[in-house]
Structure formats: C-alpha cells, structure tokens
Amino acid sequence: MGIVTDQAELAQMRAACQTAATILDYIAPFIKPGVTTGELDRLCLEKMTEFGVKSATIGYAPPGHTPFPGAICTSVNHQICHGIPGDKVLKSGDALNIDVTVIKDGWFGDTSRMFHVGEPTILSRRLTDITFDCLWLGIQQVRPGATLGDIGHAIQKYAEKHGFSVVREFCGHGVGRKFHEDPQVLHYGKPGTGVKLVPGMIFTIEPMINAGRREIRQLADGWTVVTRDHSLSAQWEHTVLVTEDGYEVLTTSPEMQAPPAFITESTPTTVA
Ligand code: MF3
Ligand code: CO
Ligand code: CO
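Let us look at the structure shown here. Computed from a predicted model, the values in this text were never measured in an experiment.

**Thoughts on the sheet that holds strand β10 (residues 208-210)**
Here comes step 1: Reading across the sheet, the three strands line up as β6-β10-β13 and stay open at both edges, with antiparallel pairing between neighbours. Looking at which strands have only one partner, the edges of the open sheet turn out to be β6 (165-166) and β13 (233-235).
Here comes step 2: Sheet topology places β6 next to β10; two bridges connect them, and they run antiparallel. Bridge pairing in β10 links Ser 165 to Asn 210.
Here comes step 3: Across the sheet, helix α3 (residues 122-140) lies against β10 and β13, angled at about 35° from β13, the strand it touches most.

**A few points about the site of ligand 1**
Here comes step 1: Within the structure, ligand 1 sits among 14 residues, and Thr 57, His 173, His 180, Glu 206 and Glu 237 are positioned closest to it.
Here comes step 2: The separation between an oxygen atom of ligand 1 and a polar side-chain atom of His 173 is 3.1 Å.
Here comes step 3: Calculation on ligand 1 without its partners gives an accessible area of 340 Å², and the protein chains cover 97% of this total.
Here comes step 4: Of the residues contributing to the shell around ligand 1, the split by class is five nonpolar, five polar and four charged.

Quick notes on the rules
Residues numbered from 1 in each chain as written. Chains lettered and ligands numbered in written order. Predicted model: local features only at pLDDT ≥ 70, side-chain atom pairs only at ≥ 80, totals over all residues. Heavy atoms only, no water. Pairing = 2+ DSSP bridges. Helix = DSSP H or I, 4+ residues; strand = E, 2+ residues; numbered from the N terminus. Contact = heavy atoms within 4.5 Å. Axes fitted to C-alpha atoms, helices over the stretch in contact; angles between N-to-C directions. Near = heavy atom within 4 Å. Polar contact = N/O pair within 3.5 Å; in protein donor to acceptor, adjacent residues only side chain to side chain. Areas by Shrake-Rupley, 256 points an atom, 1.4 Å probe, with all protein chains shown as cover. Nonpolar A, V, L, I, M, F, W, Y, C, P; charged D, E, K, R; others polar.

Here's what the structure looks like:
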C-alpha cells in the first residue's frame, strides 16, 4: 500500500477523486424512468473524454474475470455491485447504484452513489439512507491509531441494528496509483483489530448492505453480483485519506449529498 504525503501528489489524487464525483453530479439529472443503463454509461464515458480522463473499469480484467465492458458500473435493485450497463430500461421505483472510477494523471478516483428512479419505495429509501449513514459512520472512525476493525464494526453494528445485513465477499480497498491494493477494508469486524491507520493511507469505504440475507450470487455474465434471496441491496462509496488528525474525504463534488448530521454537527476533520 502506498502512503501518500507529498502535497503535489495529494493534489493530483484529489483531482482524480473529484473528477469521479463530478461525473456522478453530471449523470444525476439523466436518471429518469425510461432511460437505459447503457445510455447512462455512454453519457458518462462522453463526459470522461471531455474531462480528459479514462474510465478505470473499461477492460478491467482481474484474474478469473473477463474484461469489464462498461465505463461505469450500474447495479439495480437486488444487484449488489459490478452491474454491466446495457439495454435495461429503468422504471419508477428502481434503486440504482452508479460506481465511477476514473484515472487522471495516473491516479485512480473511486466513488459511488445511490439514485432513486422516479418515486422510491419506502424500503428502498430506508435501505439507501441507512447505507449512507453506514458509510459515514465508517468514515467517522478514520484517524491515526484507529484500526480497520473500528471501521468495519461501526458499519456492521448500525446495519444489523436496523435488521439489514452486510455483504462479506466484497470490501473497500487501498487506492491511488492502482485501482485495488492493500489494505482490504472490510465492512464488518471487531473494534481494535486489524491494520492500524497512519497518515497518508488512502482507501475506499464502500459498504454493500442488503435488506435481506447477506449471501450473494454471481450472474453468468461473469460480473454482476446479486443478492441470493433477491432482496434489495444498496451501496455508497467514498475514497478517504488518513490525515494527521482524522480524515479527508477526497471524492467530493459540488452536488454530493451532504454528510449526515452526526458528522456536520461534530466535525473535527475535513469533508470538503
Ligand atoms: N469501482 C468498483 C470498486 O469500488 C470496482 C469496479 S470493477 C468493475 O472497487 F470491473 F466491475 F468495474
Ligand atoms: Co472501490
Ligand atoms: Co467503486
């Protein structure tokens, strides 16, 4: 895992992360009943090209995988993550995660958000909101001396308290000059366990929370991951830097959803 403390390098990483977040700002108004996930992919790719950045997901092929075809991931309803954009038409009540990873000047910025298509169902709104709080409860743990277990525990405790479950097979990850590197940032765990955080670490926190059971299934397309019981799933993702006294969220943008009140009312560190 790379520790990044050089200010010029951090500025480049910040710029990559903010570009990814700005793509999400850009695509938001297009997410309406009748649009296809493929059209959202096309628009995002066009914007990336305009910004002079590359999609990190197009052609991404970790061992045992076929190259991912999309410029973004689009995961709808019971799809947990890595949904492939295509001819699926979105309808009112669908919940959609869009996950954007761009490469700018050799740095990877990785962030995802939930979007409601038309009117959300009550369950979908609740799951989406609680998953958002899970992300920020995890972020709130980040400071030198804290451990990855502190992050995982905060997320798991809150999700399970609300009767939801945490996906175990996928996790947050170190990120910077590579897409996925150490450490693995689990979204469950025990306080005080695991890797100790030090300033300059950069990783994602990206909890995947299911309304039903936590078990997953991989679709035959080789990528899309769904809930085995077909229950709804939600995910939010930020890329975070460990600072001298806490954290800095790197994947900020003008239109990102404001952090929950428990962050803004007690903020010791940098969010934007
Ligand atoms: N952006 C995802 C993450 O948060 C990874 C997507 S890989 C893909 O780690 F190939 F599915 F696009
Ligand atoms: Co990620
Ligand atoms: Co991502």
